[in-house]
Amino acid sequence: MAIAAAAVIVPLGVLFFISGLVINLIQVTFFVLVRPISKSTYRRINRILAELLWLELVWIVDWWAGVKIKVYADPKTFNIMGKEHALVIANHRSDIDWLVGWILAQRSGCLGSSLAVMKKSSKLLPVIGWSMWFSEYLFLERSWAKDERTLKSGLQRLRDYPLPFWLALFVEGTRFTQAKLLAAQEYAASAGLPVPRNVLIPRTKGFVTAVSHMRSFVPAIYDATICIPKSSPAPTMLRLFKGQPSVVHVHLQRHEMKDLPENDDAIAQWCRDIFVAKDKLLDKHIAEDTFGEEKLQDIGRPMKSLMVVACWACILILGIINFLKATALLSSWKGVAISAALMAVVTVLMQVLINFSKSERSTASKVAPAKEKNVNQPTGNGQDKTH
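Residues numbered from 1 in each chain as written. Predicted model: local features only at pLDDT ≥ 70, side-chain atom pairs only at ≥ 80, totals over all residues. Heavy atoms only, no water.

## Quick look at the sheet that holds strand β2 (residues 86-90)
Stage number 1. Read across the open sheet, the eight strands follow the order β4-β3-β5-β2-β6-β7-β1-β8; overall the sheet is mixed. Each of the sheet's edge strands pairs with one partner strand only, and the pair in question is β4 (138-140) and β8 (296-297). (Pairing = 2+ DSSP bridges. Helix = DSSP H or I, 4+ residues; strand = E, 2+ residues; numbered from the N terminus.)

## Notes on the packing of helix α6 (residues 144-157) against helix α8 (residues 205-214)
Stage number 1. Between α6 and α8, the shortest axis-to-axis distance is 10 Å and the interhelical angle comes to 30 degrees. As summarised for this structure, α6 and α8 are arranged roughly parallel, according to the angle between their axes. The crossing of α6 and α8 is right-handed. Judged by residue contacts, Trp144, Leu151, Lys152, Leu155 and Gln156 of α6 engage Lys205, Gly206, Thr209, Ala210, His213 and Met214 from α8.
Stage number 2. Considering only residue class, the contact of α6 with α8 consists of five nonpolar, four polar and two charged. (Axes fitted to C-alpha atoms, helices over the stretch in contact; angles between N-to-C directions. Parallel < 35°, antiparallel > 145°, perpendicular 65-115°, else oblique. Left-handed = near helix turned anticlockwise from the far one by under 90°. Contact = heavy atoms within 4.5 Å. Nonpolar A, V, L, I, M, F, W, Y, C, P; charged D, E, K, R; others polar.)

## Points about helix α10 (residues 264-288)
Stage number 1. For α10, which comprises 25 residues, the first-to-last C-alpha distance of 36 Å matches the rise-based estimate of 36 Å (1.5 Å per residue) to within 8%.
Stage number 2. What α10 keeps buried is the set Ile267, Ala268, Trp270, Cys271, Arg272, Ile274, Phe275, Lys278, Asp279, Leu281, Leu282 and His285.
Stage number 3. Packing partners of the buried residues in α10 comprise β2, α8, β6 (220-227) and β7 (247-256).
Stage number 4. Looking one or two residues beyond α10, the residue adopting positive phi is aspartate 289, at roughly 65 degrees. (Expected span 1.5 Å × (residues − 1). Buried < 20%, exposed > 50% of the residue type's maximum accessible area, 1.4 Å probe, protein only.)

## Things to note about the packing of aromatic side chains
Stage number 1. Applying the stated rule across the entire model yields 13 aromatic pairs.
Stage number 2. Both rings, one in phenylalanine 31 and one in tryptophan 133, keep their centres 5.3 Å apart while their planes meet at 55 degrees; by these two values the pair is tilted. Of this pair, phenylalanine 31 sits in helix α1 (residues 3-33) while tryptophan 133 sits in helix α5 (residues 128-134), placing them 102 residues apart in sequence.
Stage number 3. Accessibility expressed as a relative area gives 39% for tryptophan 133, which makes it partly exposed.
Stage number 4. Seen from their ring centres, tryptophan 98 and tryptophan 102 are 5.2 Å apart, and the 80 degrees between their planes marks the pair as edge-to-face. (Phe/Tyr/Trp six-rings, centres within 6.5 Å; stacked < 30°, edge-to-face > 60°.)

## Let's talk about the pairing of β2
Stage number 1. Counting buried positions along β2 gives five out of five residues, so the element sits mostly inside the fold.
Stage number 2. Taking every second residue as pointing to the same face, both faces of β2 are buried, with Ala86, Val88 and Ala90 on one and Leu87 and Ile89 on the other.
Stage number 3. Pairing between β2 and strand β5 (residues 166-169): four bridges, direction parallel. By the bridge assignment for β5, leucine 87 is matched with leucine 167.

## Regarding a nonpolar patch on the surface
Stage number 1. There is a patch of nonpolar side chains on the surface, built from Ile18, Val22 and Ile26 and spanning about 200 Å² of accessible area.
Stage number 2. Within the fold, isoleucine 26 resides in helix α1. (Patch = residues over 30% accessible without salt bridge, like charges linked within 9 Å, V, L, I, M, F, W, Y side chains within 5 Å. Areas by Shrake-Rupley, 256 points an atom, 1.4 Å probe, with all protein chains shown as cover. Salt bridge = Lys/Arg side-chain N within 4 Å of Asp/Glu carboxyl O.)

## Some remarks on the pattern of salt bridges
Pairing between side chains of opposite charge can happen when the charged atoms of each approach one another.
Stage number 1. Applying the stated criterion to the full structure yields 14 salt bridges.
Stage number 2. A salt bridge links aspartate 62 to arginine 107, with the nearest nitrogen and oxygen atoms 2.9 Å apart. Note that aspartate 62 is positioned in helix α2 (residues 39-64) and arginine 107 in helix α4 (residues 97-108), a separation of 45 residues in sequence.
Stage number 3. In this structure, arginine 215 engages glutamate 262 in a salt bridge whose closest nitrogen and oxygen atoms are separated by 3.9 Å. Taken together, the residues span a long stretch of sequence, with arginine 215 in the loop between α8 and β6 and glutamate 262 in the loop between β7 and α10 at a distance of 47 residues.
Stage number 4. The exposure class assigned to glutamate 262 is exposed, which follows from its relative accessible area of 63%.
Stage number 5. Look at the salt bridges and you will find they share partners, linking Lys39, Arg43, Glu136 and Asp160 into a network.

## A closer look at the state of the cysteines
Stage number 1. What the rule picks out here adds up to zero disulfides.
Stage number 2. For the unlinked cysteine cysteine 314, the closest cysteine sulfur is that of cysteine 311, found at 6.7 Å. (Disulfide = S-S within 2.5 Å.)

## Digging into α2
Helical geometry note: an α-helix holds 3.6 residues per turn, so side chains three or four residues apart project in the same direction.
Stage number 1. Its 26 residues give α2 an end-to-end C-alpha distance of 36 Å, which sits within 8% of 38 Å, the value for a rise of 1.5 Å per residue.
Stage number 2. Approximately 30 degrees is the largest bend angle found in α2, and it occurs at valine 58.
Stage number 3. At the exit of α2 stands glycine 66, carrying a positive phi of roughly 65 degrees. (Bend = angle between axes of the 7 residues up to and from the residue.)

## Section: the environment of glycine 173
Stage number 1. Note on placement: glycine 173 falls in the loop between β5 and α7 (178-191).
Stage number 2. The exposure class of glycine 173 is buried, given its relative accessible area of 0%.
Stage number 3. Between the C-alpha atoms of glycine 173 and arginine 203, which are 30 residues apart in sequence, the distance is 6.5 Å.

## Observations regarding the UniProt feature "transmembrane region" (unreviewed entry) in the protein chain
Stage number 1. Per the UniProt entry, the sites bearing "transmembrane region" (unreviewed entry) are residues 6-33, 305-324 and 336-356 in this numbering.
Stage number 2. With 100% helix and 0% strand, residues 305-324 has its two end C-alpha atoms placed 28 Å apart. (UniProt positions renumbered as here; feature names shortened; annotations may be inferred.)

Okay, here's the thing in structure tokens:
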């Protein structure tokens, strides 16, 4: 991490990790004392706590980096967002797709109850991973033999969730890169499938399981198509922390869960068809650099995240000043060394978070070679390999 970047990133990291540890501690307290008595009450409280932490990242996107997220959706879909349970599926285009989802959830009023299917190691990330665990994210191991039971039980637990929630599922199984696209194209050609140009082939086991277990209490699927316009650099966590803007276009389409087929194979085919259509939609976007201005919705830039970060900053600054006065920590070489060590720890943690988000480090989904054309499609669990 360059020195100039570190000068900006480390203060943000101190703010995020200290406030996050406070939130984590409160989450632990309510998990131990309240959840055994009333799971519904715990979930309502945790929803607020998680939002207080995650709004800091929303602030980085909205106010620090000034990333512009343009949402294209019909008015009916846009107006119902946040008022119902929903399964969200999306192509995995950039390093911050998960943050784009948080922005949309925040605008819809359900940031604290936005969930996702993620790889198991994500929950070990300090602060953010721990908060996700307390918020009932679903963590999988990339092995369907192990993950099937975990996924089914996690989905079943959501049945009595007291507030509208979104569950995000990246059914491509990994983030898009040119190397992964070439592998997907080779597989599609050998299996007699439509050859993708802008997406990877969806892995449908996780999606089929989600639909089968959620269709009785989740009324809708939100199909999100994410694309970066040609005039904008691709957003990354490092660019966000450095305050560098980008533009992200998101096309949203709502599908009634009741309209999906009942048969597992037919559900899997529905998912594959959606991604074929998504591929064509991305072709159109690449040609026109828009999803259609008539569908553009104004999501605004609310002040809430700015006020939350300002409050956290004031609390942190006052706390540090009072702590330094009480301990005279910087008056000795030992104190200076301790302070430097703490800054080094924060720097390392921020570097871990940045590296964790990089698409180059995401693992490609393994797809068994096709044995028969049009028959043996990828059927992995559809979990996100990196988030």
